[in-house]
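# Report on the structure
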Amino acid sequence: MFVSGLGYIIGETFKGLYRNRWMCITSTGVVVVTLLMLGLFMLVNLNIDHITETVKEQVEIVVYIEDQAAQEAVNDLYKQLSEHRQVEEVTYVSSEEHMRRLQMQLGGMLEGYDSALDNPLLASYEIKTVVPESVVELAEEFETYPAVSTVFYGQGYVENLFAVTGVLQYVGMALMLGLAVTAIFLISHTIKLTVMMRRKEIVIMKYVGASNWFIRWPFLMEGLLMGLVGAVVPLVILYYLYQYSIEWVAGNNLYFLSLLPAEPVIRELAKYLIPLGTGLGIIGSTFSIGRFLRV
Amino acid sequence: MVEADNVSMKYNRCKQYALEDVSFSISRGEFVFIVGSSGAGKSTLLKLIIREIKPTAGLMKVFGKDISRLPRRRLPSLRRSIGMVFQDFRLIDDRTVSENVAFALMVTGASRRDIRKKVPHVLGLVGLQEKAKERVCDLSGGEQQRVGLARALVNRPSIIMADEPTGNLDPGTALDIMNLLRSINLSGTTVLVATHNREIVDRFKKRVIYLDQGKLIGDEQKGIYTHVR
Ligand SMILES: Nc1ncnc2c1ncn2[C@@H]1O[C@H](COP(=O)(O)OP(=O)(O)OP(=O)(O)O)[C@@H](O)[C@H]1O
Ligand SMILES: [Mg+2]
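Residues numbered from 1 in each chain as written. Chains lettered and ligands numbered in written order. Predicted model: local features only at pLDDT ≥ 70, side-chain atom pairs only at ≥ 80, totals over all residues. Heavy atoms only, no water.

In this section: the overall build of chain B. A count of helical and extended segments in chain B gives seven helices and 10 strands. Here chain B holds 229 residues, and the buried ones make up 52% of them. Of the contacts made within chain B by residues no fewer than 6 positions apart, 66% connect residues no fewer than 24 positions apart. As presented, chain B carries roughly 10700 Å² of accessible surface, and 45% of it is formed by carbon and sulfur atoms. (Helix = DSSP H or I, 4+ residues; strand = E, 2+ residues; numbered from the N terminus. Buried < 20%, exposed > 50% of the residue type's maximum accessible area, 1.4 Å probe, protein only. Contact = heavy atoms within 4.5 Å. Areas by Shrake-Rupley, 256 points an atom, 1.4 Å probe, with all protein chains shown as cover.)

This part is about the interface of chain B and chain A. Each partner contributes to the interface: chain B provides 23 residues, whereas chain A provides 22 residues. Across the interface of chain B and chain A, roughly 2000 Å² is buried in total on both sides, 59% from carbon and sulfur atoms. For the chain B face of the interface with chain A, the top three residues by lost area are Arg-79, Met-106 and Val-107 of chain B, together amounting to 27%. On the surface where chain B and chain A come into contact, there are two salt bridges. Summed over the shared surface of chain B and chain A, the result is six residue pairs in polar contact (both at pLDDT 80 or more). Those elements giving two or more residues to the side of chain B that touches chain A turn out to be α2 (75-80), α3 (97-106) and α4 (112-125) of chain B. Broken down by element, the side of chain B that touches chain A gets its largest block of residues, four residues, from α2 of chain B. Among the residues forming the side of chain B that touches chain A, the class breakdown is 12 nonpolar, two polar and nine charged. (Buried area = accessible area lost by both parts, 1.4 Å probe. Salt bridge = Lys/Arg side-chain N within 4 Å of Asp/Glu carboxyl O. Polar contact = N/O pair within 3.5 Å; in protein donor to acceptor, adjacent residues only side chain to side chain. Nonpolar A, V, L, I, M, F, W, Y, C, P; charged D, E, K, R; others polar.)

The end-to-end C-alpha separation of helix α8 (residues 212-251) of chain A is 58 Å, in line with the 58 Å expected for 40 residues at 1.5 Å each. By the largest-angle criterion, Pro-218 of chain A marks the main kink of α8 of chain A, which is about 30 degrees. (Expected span 1.5 Å × (residues − 1). Bend = angle between axes of the 7 residues up to and from the residue.)

As a further point, take the coordination of the magnesium ion (ligand 2). All names here are of chain B. The protein atoms that coordinate the magnesium ion (ligand 2) are Ser-43 (OG) and Gln-87 (OE1), at distances of 1.8 to 2.2 Å. On the criterion of sequence distance, the pair formed by Ser-43 in helix α1 (residues 42-49) and Gln-87 in the loop between β6 (82-85) and α3 is long-range, its members being 44 residues apart. By relative accessible area, which is 18% here, Ser-43 ends up buried. (Donors = N, O, S within 2.8 Å, 3.2 Å for Na, K, Ca; no water.)

What follows concerns the sheet that holds strand β10 (residues 215-220) of chain B. Residues and elements named next belong to chain B. Judged by pairing direction, the sheet is mixed, and its six strands sit side by side in the order β6-β7-β8-β3-β9-β10 without closing on themselves. Each end of this open sheet is capped by a strand with a single partner; those strands are β6 and β10. If you compare each strand with its neighbour and ignore which way they point, the axes differ by 15 degrees on average. Summarising the sheet, β6 and strand β7 (residues 159-163) pair through four bridges and their orientation is parallel. The residue of β7 that forms the bridge with Met-84 is Met-161. (Pairing = 2+ DSSP bridges. Axes fitted to C-alpha atoms, helices over the stretch in contact; angles between N-to-C directions.)

Turning next to the nonpolar core. Core analysis: the biggest nonpolar cluster contains 91 residues, and Phe-33, Val-101, Leu-123, Leu-149, Leu-153, Met-178 and Leu-181 of chain B have the highest contact counts within it. Ranked by residue count, the leading element in this core is helix α6 (residues 155-197) of chain A, at nine residues. Non-local contacts of Leu-123 of chain B, meaning those with residues more than four positions away in its chain, are made with Val-97, Ser-98, Val-101, Leu-128, Gln-129, Ala-132 and Ala-150 of chain B. The next biggest cluster of nonpolar side chains, apart from the first, holds 33 residues, and it includes Ile-67, Leu-78, Met-84 and Leu-211 of chain B. (Core = buried A, V, L, I, M, F, W, Y, C linked by side-chain atoms within 4.5 Å.)

So, on to the site of ligand 1. Residues and elements named next belong to chain B. Every one of the 14 residues lining ligand 1 counts as a neighbour, but Ser-38, Lys-42, Ser-43, Thr-44 and Gln-87 are closest to it. One of the side-chain N or O atoms of Tyr-11 is found 3.5 Å from a nitrogen atom in ligand 1. Take Ala-40: an N or O atom from its main chain is 3.3 Å from an oxygen atom of ligand 1. For ligand 1, the accessible surface in isolation is 630 Å², of which the surrounding protein chains cover 65%. Classifying every residue of the shell around ligand 1 by side-chain character gives four nonpolar, eight polar and two charged. (Near = heavy atom within 4 Å.)

The relation between two aromatic rings is expressed through the spacing of the ring centres and the mutual angle of the planes. This model, assessed by the stated rule, comprises nine aromatic pairs over all chains. Measuring from ring centre to ring centre gives 5.5 Å for Tyr-78 of chain A and Tyr-125 of chain A, while their planes differ by 40 degrees; the resulting arrangement is tilted. Of this pair, Tyr-78 of chain A sits in helix α3 (residues 71-82) while Tyr-125 of chain A sits in strand β3 (residues 124-129), placing them 47 residues apart in sequence. When its relative accessible area of 4% is taken as the criterion, Tyr-125 of chain A is described as buried. Where Phe-31 of chain B meets Phe-204 of chain B, the ring centres are 6.3 Å apart and the plane angle is 20 degrees; that geometry is what we call stacked. Of this pair, Phe-31 of chain B sits in strand β3 (residues 31-35) while Phe-204 of chain B sits in helix α7 (residues 198-204); the two residues are 173 residues apart in sequence, bridging distant segments of the chain. There is no split in this pair, since Phe-31 of chain B and Phe-204 of chain B are both buried. A cation over a ring is seen here: Arg-21 of chain A above Tyr-18 of chain A, with NZ or CZ 4.2 Å from the ring centre. The ring of Trp-213 of chain A has Arg-216 of chain A sitting right over it, with the charged end atom 4.7 Å from the ring centre. (Phe/Tyr/Trp six-rings, centres within 6.5 Å; stacked < 30°, edge-to-face > 60°. Lys NZ or Arg CZ within 6 Å of the ring centre and 35° of its normal.)

Attention now goes to the sheet that holds strand β1 (residues 2-9) of chain B. As summarised here, the arrangement of the four strands in space is β2-β1-β4-β5 (chain B), forming an open sheet in which the pairing is antiparallel. Every interior strand has two partners, whereas the edge strands, β2 (19-26) and β5 (65-66) of chain B, have only one.

A few words now on a negative patch on the surface. Taken together, the side chains of Glu-137, Glu-140, Glu-141 and Glu-143 of chain A present a region of like negative charge at the surface. Relative to the elements of secondary structure, Glu-140 of chain A occurs in helix α5 (residues 135-143). (Patch = residues over 30% accessible without salt bridge, like charges linked within 9 Å, V, L, I, M, F, W, Y side chains within 5 Å. Lys, Arg positive; Asp, Glu negative; His and termini not counted. Charge placed at Lys NZ, Arg CZ, Asp CG, Glu CD.)

Helices that pack against each other are described as a pair by the angle of their axes relative to one another and the distance between those axes. All names here are of chain B. One can describe the packing of α4 onto helix α5 (residues 141-154) by two numbers: an axis separation of 9 Å at closest approach and a directional angle of 130 degrees. Compared by their axis directions, α4 and α5 come out oblique. Crossing angle aside, the handedness with which α4 passes α5 is right-handed. Within the contact between the two elements, α4 uses Lys-118, Val-122 and Leu-123 and α5 uses Ala-150, Leu-153 and Val-154. (Parallel < 35°, antiparallel > 145°, perpendicular 65-115°, else oblique. Left-handed = near helix turned anticlockwise from the far one by under 90°.)

Spelled out as structure tokens, the structure:
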């Protein structure tokens, strides 16, 4: 069968897809939306895990020192901070150190940038608090100190993110399940249309001795292809979206949000989305053929 | 090759039996006419042999096997060893003549080279080589019938069954087709022809099975169309 049959099967697959192109696009679209959502959730999840890991090791409050502050004022600030009852530890981080970290974070992106000549980053004190819960209050208090430019606190922010995404995840799961069922239904309906159009042909094939598999293949391929396209499209979209997010995060100095690098993450997603997409396609197509093979 | 033992067939929604208590046996290499007026059950008999339908009662054996008990996965191989020319042709209208014939080869897994060789040959046998590239819906009834015959022949089956193969043909072409079937029979293929073409039956002097309202009323070697009880 795979000698002359293969050409036939491939030909029939594309013919079937073309004849029902609108239904095809709709079904594939639903797979795209389903898997795009799933991919997005996975992406967010992977990164939240990663960020909470890194944040745990990170300082809780970063106090940026004003650029023009006098050395005396900076020393005073250090004293003020380290003598605070709620503060456990204060570490000075120079602007050069910040630049070095940023360069590490961004990989090669700042290659050749001479930070010694022109460094826009501020020096800072990194502060560990006695109890994490006081982070927000303390940050507000530090903001009023002289020689302070801005105050930043990471963990609370991340925890809020967590709470929000926790709810979103349940809603998303339910939505995705609904979409997956819709996708299967639509795919099976699309293929049923092709099956109906070729009903006569299928019956004839049976009478000249075609095996059920021979008849089934083009329809399976049709479903599989819809599912595959439905998985590849979200992967491409997610790749660019994610790349853009990484750049945006870097561009806005949000380097405490250390995102995972794009390629391995997308590759990880592909491991789930592609089998899922093709699976949806195959399930959809098996639902639609059965009845016509019993002659 | 084909053996019927008190076979009866009643279609689901019908009161009357399409076939009733029919028994006969056909051996390898025979040429058999199945005759009878319209509605006698000729097509029903052929449909039973390729297991398009199952008998309501009785035993139908093809190639020594009870076709009622044939598992579904064995059906393709049964149908590949029987070439059937259907009364309603059963061709794929929007495909060309060669595609229709190639179809029967393709489902058996024949190679492309095989198909390219066998299809023109068999179209030549039925006199359709010039029409190879035409779509079936552009052909006349007689031409379509010959496409059906070409498709039935192309797999070199051990049984050829033709349901009214001359129904749409002029007497000359009908004779050509019947001569073709006879020469195929001479090469060892069992041939069953359902027909009410009296002239042809009388001319060929082959075995004739007579059906009348679903009953077998006669079975004669070297028979003629009109059966006298
Ligand atoms: N698909 C079907 N469903 C119900 N009844 C059928 C079906 N096919 C045939 N019959 C009935 O079975 C009987 C025999 O029909 P069959 O087609 O076998 O006759 P035939 O000898 O081939 O006739 P013809 O010479 O007109 O082709 C008829 O009474 C017919 O009405
Ligand atoms: Mg008939």
